[in-house]
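# Residue-level structural notes
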Amino acid sequence: MKRLFWGATLGLLALTLGACGGNSAKDGEVTVEFMHSSVEQDRLKVINQLVTEFEKENPDIKIKQMPVEEDAYNTKVVTLARSNKLPAVIEVSQDFAKVMDKDQLIDKKAVGKVMKSVGEENYYDGAKKLVRSEDGSEYIATPITGWVQGIWYSKKALADAGFSEPTNWEAVLKIAKQFNDPKNKKYGIAMPTADGTMSEQAFSQFALSNDANVLNSKGKITLDTPQMTQALDFYQKLSQYTMPGSNDVTEIKDAFMNGSTPMAIYSTYILPSVYEEGNAEDIGFAIPTNKQEAVYGTVSGLTISNGGLDKQQKAAAEKFVEFISEEKNLEKWVLMSPGGAQPINKKVVNSPSYQANEVISAFGELPKEIADSFDKVQVFGLVGNKNFTKMGDITSSGAIPKAVNDVTVGNETPKKALKAAQKSLEE
């Protein structure tokens, strides 16, 4: 499952990079190193085809692929950066791009040039914010795909019980309470409670929908606030109706897919399994809403490394990223995981061939609804036009998922848990 849960604090060094990213051959051929996390054979087949097409169109450029397992990806980037051998083009998550930008490893002018060339107006505004520099003035990656998280529900199960789509906190809680029957191993909702990244992501939707963010506009930590406490209090109440113990990715997916719960908090990567089970017409998507809607989403993209590239290499790297960012090629990339990975370029969303894909078409209007939700994406640390890089350090500290786990599994009070998290982060 390609969810790109990439961490953030990696201890990268601010480097003046030496020669990297490839070599200019004597015959005038330029080699561009391209590092990505698609190691599976079916994915590699698609990327190999894209590379072949690019090289055919650009016979003076050779793309040297560097597929790396997702679990080893961050470490590999760090190792290459420290040895001044960072590839020219690197697949990155939004969080990892922040870390690289913090350590001056990204050529933001080159990335910005690509975005201008491919048409930044074609991407959803919310998605674009996720790949901007801290001050919001530049891009740190060109978006390729993304995924969003929300509340997935069985339309039939809810309708049979007299419920419509849960449109706010109160409705979600009411439905969860109605369906909860732990004696028969039936629960109202499958939701993250483990001390892990998914719990932070799930909780963030409720917090942000209550106007609570981890940082304010000045970058000050704001965990211990009335708005955040109210959100965590609600999350604790809702967790009464989920499975006992520390629930993470596997437990949540299994509970929803086997019918133990009518609702689940999960990413769009639930959709391929729903399709395989033949239940595409039955699934609905709701966004946690209180004072406002808040969609948690993440974006992966391609970035161009800073330093060490000569003029020819940089031009070749830009040309390759532009090629991948073309509508027909982005579509191929997205459809390596149809339903899970989501397009964040409007041209792909509206492409007849994309809509005709058997998986996408099976869900009716849902894919368009999901795509539109990228304009509503909010994440901790994104405040107005500021995209604070320190949020990566906060996430890596584990303070927020620990607080979630403490209140949902450990029965700690939200106020006490947040106060402890605030103190931990400030120290």
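Residues numbered from 1 in each chain as written. Predicted model: local features only at pLDDT ≥ 70, side-chain atom pairs only at ≥ 80, totals over all residues. Heavy atoms only, no water.

### Section: the overall build of the chain
Rules: In this description a helix means any DSSP run of H or I spanning at least four residues, a strand means any run of E spanning at least two, and both kinds are numbered starting from the N terminus. Throughout, the radius of gyration refers to the C-alpha atoms, and the reference size of a globule is 2.2 Å times the residue count to the power 0.38. Residue burial is assigned from relative accessible area. The probe radius is 1.4 Å, only protein chains are included, and a residue is buried under 20% of its type maximum, exposed over 50%, and partly exposed in between. Only the protein chains shown count as cover for residues, and the accessible areas themselves come from Shrake-Rupley with a 1.4 Å probe. Here the positive residues are Lys and Arg and the negative ones are Asp and Glu; neither His nor the chain ends is included. A charge is said to be at NZ when it belongs to Lys, at CZ for Arg, at CG for Asp and at CD for Glu.
Along its length, the chain carries 20 helices and 10 strands. For the chain, whose C-alpha radius of gyration is 22 Å, the value lies close to the compact-globule estimate of 22 Å for 427 residues. Within the chain, the proportion of its 427 residues that are buried is 58%. Summing over all exposed atoms, the chain offers an accessible surface of approximately 17800 Å²; the carbon and sulfur share of this is 47%. Side-chain charges of the chain comprise 48 positive and 56 negative groups, with the mean position of each set lying 4 Å from the other.

### What to know about helix α7 (residues 169–179)
As a reminder of what qualifies: As used here, the arc is the angular range of directions from the helix axis to the C-beta atoms. We call two residues contacting when some pair of their heavy atoms lies within 4.5 Å. Any N or O atom pair separated by 3.5 Å or less is treated as a polar contact, with the protein-specific requirement of one donor-capable and one acceptor-capable atom, and with residues adjacent in sequence counted only for side-chain atom pairs.
Residues of α7 that are buried: W169, V172, I175 and A176. The arc that holds every buried residue of α7, seen down its axis, measures 135°, which confines them to one face. What points out from α7, more than 90 degrees from its buried face, is the exposed set E170, K174, K177 and Q178. The secondary structure elements touched by the buried residues of α7 are β4 (142–154), α6 (155–160), α8 (197–209), α9 (226–238) and β5 (263–267). The distance from a side-chain oxygen at the start of α7 to the backbone nitrogen of E170 is 3.2 Å, and the residue carrying that oxygen is N168.

### Quick look at the packing of helix α1 (residues 41–57) against helix α13 (residues 327–334)
Stated precisely, the cut-off is as follows: Interaxial angle, 0 to 180 degrees, is taken between N-to-C directions of lines fitted to C-alpha atoms, where a helix line uses only the stretch in contact. Any angle that falls under 35 degrees is termed roughly parallel, while one over 145 is termed roughly antiparallel, one within 65 to 115 roughly perpendicular, and all others oblique. For a crossing to be left-handed, the near helix must be turned anticlockwise from the far one by less than a right angle; the clockwise case is right-handed. Residues are sorted three ways: Asp, Glu, Lys and Arg are charged, Ala, Val, Leu, Ile, Met, Phe, Trp, Tyr, Cys and Pro are nonpolar, and all the rest, Gly among them, are polar.
Between α1 and α13, the least distance of the axes is 10 Å, while the angle of their chain directions is 160°. As far as their axial angle goes, α13 and α1 are roughly antiparallel. Helix-helix and strand crossings are classified by hand; for α1 and α13 the assignment is left-handed. Here V46, I47, L50 and E53 of α1 come into contact with α13, specifically with N329, K332 and W333. Of the residues assigned to the contact of α1 with α13, the class counts are four nonpolar, one polar and two charged.

### Considering the environment of N247
Note on placement: N247 falls in the loop between α9 and α10 (249–257). In this structure, N247 is in contact with M191, P192, T193, A194, T242 and I252, ignoring residues within four places of it in sequence. Separated by 2.8 Å, the side chain of N247 and the backbone oxygen of M243 make a polar contact.

### Focus: the side chain of T142
Tracing the chain through its elements places T142 in strand β4. With relative accessibility at 1%, the residue T142 sits in the buried group. When sequence neighbours within four positions are dropped, the list of residues in contact with T142 reads V111, V114, M115, S300, G301, L302, V321 and S325.

### Topic: the layout of surface pockets
Convention followed: Only protein atoms enter the calculation, which uses a 1 Å grid: trapped sets of points that fit a 1.4 Å probe without letting it out are cavities, open sets showing protein on both sides within 12 Å along at least five of seven lines are pockets, and any residue with an atom within 4 Å of a point is a lining residue. Grid points are joined across faces, edges and corners, and a volume is the space filled by probe spheres set on the points.
Here the second largest pocket is characterised by a volume of approximately 240 Å³. Contributing to the lining of the second largest pocket are 17 residues, with S154, F256, G259, T261 and D282 lying nearest its centre.

### Quick look at the nonpolar core
We apply this condition: Buried residues of nine kinds, namely Ala, Val, Leu, Ile, Met, Phe, Trp, Tyr and Cys, make up a nonpolar core once their side-chain atoms join them within 4.5 Å.
Among the nonpolar cores identified, the biggest contains 93 residues, and V32, V89, W152 and I283 are the most heavily contacted of them. The element contributing the most residues to this core is helix α12 (residues 311–324), with six residues. I283 has contacts with W152, Y153, K155, F256, I270, L271, V274, F363 and L366, leaving out every residue within four places of it along the chain. In this structure, L215, V383, I394 and A399 belong to the second largest nonpolar core, which totals 45 residues.

### Quick notes on unusual backbone geometry
Of note, the phi angle at N84 is positive, near 60°, even though the residue is not glycine. Position of N84 among the secondary structure elements: in the loop between α2 (73–82) and β3 (89–93). What makes N84 partly exposed here is its relative accessible area of 26%. Even without a glycine there, the phi angle at Q104 is positive, about 60°. Mapped onto the secondary structure, Q104 falls in the loop between α3 (94–102) and α4 (108–118). A relative accessible area of 51% means that Q104 is categorised as exposed.

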